[in-house]
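# Chains, contacts and geometry: an overview
Below are the chains, spelled out letter by letter.
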Amino acid sequence: MAATGGGDHRAEIVRVATATIARDGLPALRVRAVAREVGVSHATLHYYFPTKADLVAAVLHGLIYEGIAVPLVERSTATTALDELRGVLHGVVAGYGDDARTAAMLELLRHGDADEVVTSLGRYMDRWRGYLVALVARGQVAGELRADLDPDATAGLLMEFCLGAQTRAPLPDGLAAAGVEQLVSLLSV
């Protein structure tokens, strides 16, 4: 499907690259094939994404920032740190609700040490860790989370929980949500 205008090319290139990664894997991602599928020249694709790493960074941005951060954090109506934490964890265990995005994210995590992934993924992981450290500290100051928690270590635990939730086989109905509530209970005052 060809994009219809300049502004649409970038989004369509990212969509096709995401679908390609989900379907065929990161090693199979070829910028010429993406350009051909979008209906643009190789030069046009390189105008938007000078390198394959730039294209992968845009895919990661869409998966992580637009797929997780905006819906779960920036649009949150939580009024307490505890409610925000609960909402984020429930949102992560629910997943993207889109098999292609989930498959693409799993593939990028699997190749997290690849040259075209490592820098962008590391940047997002650092931001995510910083957000969680601040969230835990805010919950401690408010008296919602246990004072004896180390915010950095707790952020690491939460990250591992979330990554596990994204990469797991489907659990029986209600078990993932119950796990979130149990974790929140263990962290709460």
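How each quantity is defined
Residues numbered from 1 in each chain as written. Predicted model: local features only at pLDDT ≥ 70, side-chain atom pairs only at ≥ 80, totals over all residues. Heavy atoms only, no water. Axes fitted to C-alpha atoms, helices over the stretch in contact; angles between N-to-C directions. Helix = DSSP H or I, 4+ residues; strand = E, 2+ residues; numbered from the N terminus. Parallel < 35°, antiparallel > 145°, perpendicular 65-115°, else oblique. Contact = heavy atoms within 4.5 Å. Nonpolar A, V, L, I, M, F, W, Y, C, P; charged D, E, K, R; others polar. Phe/Tyr/Trp six-rings, centres within 6.5 Å; stacked < 30°, edge-to-face > 60°. Lys NZ or Arg CZ within 6 Å of the ring centre and 35° of its normal. Core = buried A, V, L, I, M, F, W, Y, C linked by side-chain atoms within 4.5 Å. Buried < 20%, exposed > 50% of the residue type's maximum accessible area, 1.4 Å probe, protein only. Salt bridge = Lys/Arg side-chain N within 4 Å of Asp/Glu carboxyl O. Expected span 1.5 Å × (residues − 1). Bend = angle between axes of the 7 residues up to and from the residue. Arc of directions from axis to C-beta.

### As for the packing of helix 8 (residues 151-167) against helix 9 (residues 175-187)
Relative to each other, helix 8 and helix 9 sit at 175°, their axes nearing to 12 Å. When the interaxial angle is binned, helix 8 and helix 9 end up roughly antiparallel. Here Thr 154, Leu 157, Leu 158 and Phe 161 of helix 8 lie close against helix 9, whose contacting residues are Gly 179, Val 180, Leu 183 and Leu 187. Classifying every residue of the contact of helix 8 with helix 9 by side-chain character gives six nonpolar, two polar and no charged.

### Side note on the packing of aromatic side chains
Per the stated rule, a full pass over the model turns up one aromatic pair. Relative to Tyr 48, the ring of Tyr 47 has its centre 5.1 Å away and its plane inclined at 80°; by these criteria the two rings are edge-to-face. For the cation-ring pair, Arg 127 lies above Tyr 124, with the distance from its terminal atom to the ring centre recorded as 5.4 Å.

### Here's the deal with the nonpolar core
Among the nonpolar cores identified, the biggest contains 28 residues, and Ile 13, Leu 26, Leu 29, Val 34, Leu 60, Leu 108 and Val 117 are the most heavily contacted of them. Put simply, the parts of the chain that give this core at least two residues each are helix 1 (6-24), helix 2 (31-38), helix 4 (52-74), helix 6 (99-110) and helix 7 (115-141). Sorting elements by how many residues they give to this core places helix 4 first, with seven residues. Counting 23 residues, the second-largest nonpolar core is a separate cluster that includes Leu 82, Val 93, Leu 149 and Val 180.

### Quick look at the environment of Leu 121
Along the polypeptide, Leu 121 turns up in helix 7. Separated by 83 residues in sequence, Leu 121 and Val 38 place their C-alpha atoms 25 Å apart. Among all residues touching Leu 121, those that are not within four sequence positions of it are Leu 60, Ile 64, Met 105, Leu 108, Leu 109 and Gly 112.

### Thoughts on the pattern of salt bridges
Enumeration over the complete set of coordinates arrives at nine salt bridges. Note that Asp 24 is salt-bridged to Arg 23, the shortest N-O span being 3.2 Å. Classification of Asp 24 by relative accessible area gives partly exposed; the value is 43%. Between Asp 83 and Arg 86 there is a salt bridge whose closest N-O contact spans 3.5 Å.

### Structural notes on helix 4
The first and last C-alpha atoms of helix 4 sit only 29 Å apart over 23 residues, clearly below the 33 Å expected at 1.5 Å per residue. Where helix 4 bends most, the angle comes to about 30°, and this point is Tyr 65. For helix 4, the set of buried residues is Leu 55, Val 56, Ala 57, Ala 58, Val 59, Leu 60, Leu 63, Ile 64, Gly 67, Val 70 and Leu 72.

### Points about helix 9
One full turn of an α-helix is made of 3.6 residues, so residues set three or four places apart face in the same direction. Compared with an ideal rise of 1.5 Å per residue, which puts 13 residues at 18 Å, helix 9 spans 18 Å between its outermost C-alpha atoms and is within 8% of the ideal. Buried within helix 9 are the following residues: Ala 176, Val 180, Leu 183, Val 184 and Leu 187. Across the axial projection of helix 9, the buried residues extend over an arc of 100°, all falling on one side. Contacts from the buried residues of helix 9 go to helix 5 (81-94) and helix 8.

So yeah, pure geometry; function would need other evidence.
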